[in-house]
Amino acid sequence: MKDMMILAIESSCDETSCAIVKNGCEDIATVINTQIDIHTLYGGVVPEIASREHLKSITLVIDECLKKAKMSMDQIDAIAVTYGPGLVGSLLVGIEAAKTLSLIYNKPLIKVNHMAGHIFANNLTKKLEFPLISLVISGGHTDLIYMKDEYSFEKIGGTLDDAVGECYDKVARVIGVGYPGGPVIDKMAKEGTHEYDLPIPLNDDSYNFSFSGLKSAVINLAHNYEQKGLEINKNNLARSFQDVVVESIVKKTVKAIKDYKVERLVVAGGVSANSAIRGALKEACEELKVECYIPELKYCTDNATMIGAAAYFAYKQGNLADENLNAVPGLNLV
Ligand code: KG4
Ligand code: ZN
């Protein structure tokens, strides 16, 4: 197969991004316009504002990406776009832009699941081999996926309530340290010690997770201290919370690796930027003599590069779309 240059667009949440990726593994150029500063003012992503911001920047981001790559549209073989899961208004901005490019320049249109993108972010560092277990941890997901081979996804477990990133963000809001909570809590935890007793969530033999009980326990603890006029040590609370999250994630992931007898773990999603989770999973994999793929930090949170990487494999599977492509906010990975 000749080299394939894919121009990919990602706009599912609060990042507008365009990337050009060669053969699903080489980042030729990436441009990301993040809206974090705007949403921080509201303590979380405001969907209506997110879609307006995507509208403002989508053409600029595409233009800048082509310039950065020193390429023109006639050197592009296909257009790829995230069509779900995500915020409907945000997704539609990327989808309409991709459809327009595909129509004007007569290029195939590849539809990509955002979560597949997170998994294939790892292919930008090292070629993925199969079978494998993927742990997908983000603001909206906490899933364990068995991939028998390229572009086949079997969900074997997931969160029964909150996603792990969502839990980080809510805890951060309650203790008043801003949005997004993940990176802040991660940093605070490094300064703290494990002082507070918190329940290990869903400590059973399934591949499922549950974080809402842990979130409530942290919130109740913070409120109790406040009511008693006592000051809680926020760094120690962050550390105690993070230790419990790490323990739960590692336990379930190790079980999946052992039960499915795979030799590879692939970590994916925004929460894979977490230093404690990265460290603990690498250590667990070393003990199990299992290869551990974790994305480079720049590919952990939302970007179009990962969509361009996944698109190469989606294309091989025939995941093509036309002008009828619509956003699927609750899209599952199957
Ligand atoms: O994958 P992503 O960019 O968006 C979704 O697809 O959801 O993930 C965003 C999530 C947020 O909840 C954010 O708090 C979390 O990833 N996150 C982290 C860290 N960096 C980002 N969570 C824990 N530790 C981090 N260092
Ligand atoms: Zn994401």
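Structure: above.
Residues numbered from 1 in each chain as written. Chains lettered and ligands numbered in written order. Predicted model: local features only at pLDDT ≥ 70, side-chain atom pairs only at ≥ 80, totals over all residues. Heavy atoms only, no water.

Visitor: What should I look at first to understand the site of ligand 1 in this one?
Guide: The environment of ligand 1 is formed by 19 residues, the closest being His118, Gly139, Asp169, Gly270 and Asn274. Compared with its free state, where it exposes 550 Å², ligand 1 has 88% of that area covered by protein. Breaking the shell around ligand 1 down by element, the ones donating at least two residues are α4 (114–120), α5 (164–174) and α6 (181–191). Looking at the shell around ligand 1, the element that brings in the most residues is α6, giving four residues. The class makeup of the residues in the shell around ligand 1 is five nonpolar, 11 polar and three charged. (Near = heavy atom within 4 Å. Areas by Shrake-Rupley, 256 points an atom, 1.4 Å probe, with all protein chains shown as cover. Helix = DSSP H or I, 4+ residues; strand = E, 2+ residues; numbered from the N terminus. Nonpolar A, V, L, I, M, F, W, Y, C, P; charged D, E, K, R; others polar.)

Visitor: I tried to follow the nonpolar core on my own but got confused; where do I start?
Guide: Ranked by size, the top nonpolar core spans 47 residues in total, and within it Ile133, Leu135, Phe241, Val245, Ile249 and Leu265 carry the most contacts. Element by element, the count of residues in this core is highest for helix α8 (residues 234–260), at 11 residues. What valine 245 contacts, discounting residues up to four positions off in sequence, is Val164, Tyr168, Phe211, Leu214 and Ile277. Among the nonpolar cores identified, the runner-up in size contains 36 residues, and Ile110, Val112, Met147 and Phe153 belong to it. (Core = buried A, V, L, I, M, F, W, Y, C linked by side-chain atoms within 4.5 Å. Buried < 20%, exposed > 50% of the residue type's maximum accessible area, 1.4 Å probe, protein only. Contact = heavy atoms within 4.5 Å.)

Visitor: What's the story with the coordination of the zinc ion (ligand 2) in this structure? I'm lost.
Guide: Under perfect tetrahedral coordination by four donors, a metal shows angles of 109.5 degrees; under perfect octahedral coordination by six donors, it shows angles of 90 or 180 degrees. Here the zinc ion (ligand 2) is held by His114 (NE2), His118 (NE2) and Asp302 (OD), and the distances to it run 2.1 Å. For the zinc ion (ligand 2), all donor residues lie on one chain, and their spacing in sequence is H-x3-H-x183-D. In this pair, histidine 118 sits in helix α4 while aspartate 302 sits in the loop between β10 (291–293) and α10 (304–316), placing the two residues 184 residues apart along the sequence. Overall, the relative accessible area of 2% leaves histidine 118 in the buried class. Taking the relative accessible area as the measure of exposure, aspartate 302 reaches 14% and is therefore buried. (Donors = N, O, S within 2.8 Å, 3.2 Å for Na, K, Ca; no water.)

Visitor: Explanation requested: a nonpolar patch on the surface in the structure shown.
Guide: On the surface, Leu103, Ile104 and Tyr105 cluster together to form a nonpolar patch covering roughly 340 Å² of accessible area. Position of isoleucine 104 relative to the elements: it lies in helix α3 (residues 88–105). The class of isoleucine 104 is exposed, set by a relative accessible area of 56%. (Patch = residues over 30% accessible without salt bridge, like charges linked within 9 Å, V, L, I, M, F, W, Y side chains within 5 Å. Salt bridge = Lys/Arg side-chain N within 4 Å of Asp/Glu carboxyl O.)

Visitor: Just checking my understanding: could you explain the sheet that holds strand β7 (residues 142–147) for this structure?
Guide: What holds strands together in a sheet is hydrogen bonding between their backbones, with the strands either parallel or antiparallel. Within the open sheet, the five strands sit side by side as β8-β7-β6-β9-β10. Their pairing is mixed. Both edges of this open sheet fall to β8 (154–158) and β10, since each of them pairs with a single strand only. Neighbour-to-neighbour, the strand axes of the sheet open up by a mean angle of 20°, direction not taken into account. Pairing of strand β9 (residues 264–268) with β10, which is carried by three bridges, proceeds in the parallel orientation. Bridged to valine 266 within β10 is tyrosine 293. (Pairing = 2+ DSSP bridges. Axes fitted to C-alpha atoms, helices over the stretch in contact; angles between N-to-C directions.)

Visitor: What is the right way to read the environment of proline 201 from this model?
Guide: With respect to the element layout, proline 201 can be found in the loop between α6 and α7 (212–227). Take proline 201: its relative accessible area is 9%, and that puts it in the buried class. In the structure, proline 201 is positioned 11 residues away from serine 212 in sequence and 8.4 Å away in space, judged by C-alpha atoms. Among residues more than four places away in sequence, those in contact with proline 201 are Ser210, Phe211, Leu214, Val244 and Ser248.

Visitor: Teacher, can you tell me more about the side chain of lysine 107 here?
Guide: Assignment of secondary structure puts lysine 107 in the loop between α3 and β5 (109–113). Lacking a salt bridge, the buried lysine 107 has aspartate 77 as its closest oppositely charged neighbour, with an N-O distance of 6.2 Å. Polar contacts involving the side chain of lysine 107 include one to the main-chain carbonyl oxygen of methionine 73, which spans 3.2 Å. Those residues in contact with lysine 107, other than ones at most four positions away along the chain, are Met73, Asp74, Ile76, Asp77, Ala78, Ile79 and Ser102. (Lys, Arg positive; Asp, Glu negative; His and termini not counted. Polar contact = N/O pair within 3.5 Å; in protein donor to acceptor, adjacent residues only side chain to side chain.)

Visitor: Mind showing me how you'd approach the pairing of strand β1 (residues 5–10) here?
Guide: For a regular strand, side chains alternate in direction, first toward one face of the sheet and then toward the other. The element β1 is extensively covered by neighbouring structure, given that six of its six residues are classed as buried. Examined bridge by bridge, β1 and strand β2 (residues 15–22) share six bridges and lie antiparallel to one another. Residue pairing for β2: isoleucine 6 is matched across the bridge by valine 21. Turn length for the β1-β2 hairpin, with the two strands adjacent in sequence and antiparallel, is four residues. Examined bridge by bridge, β1 and strand β4 (residues 78–84) share four bridges and lie parallel to one another. Paired with alanine 8 across the strands is alanine 80, a residue of β4.

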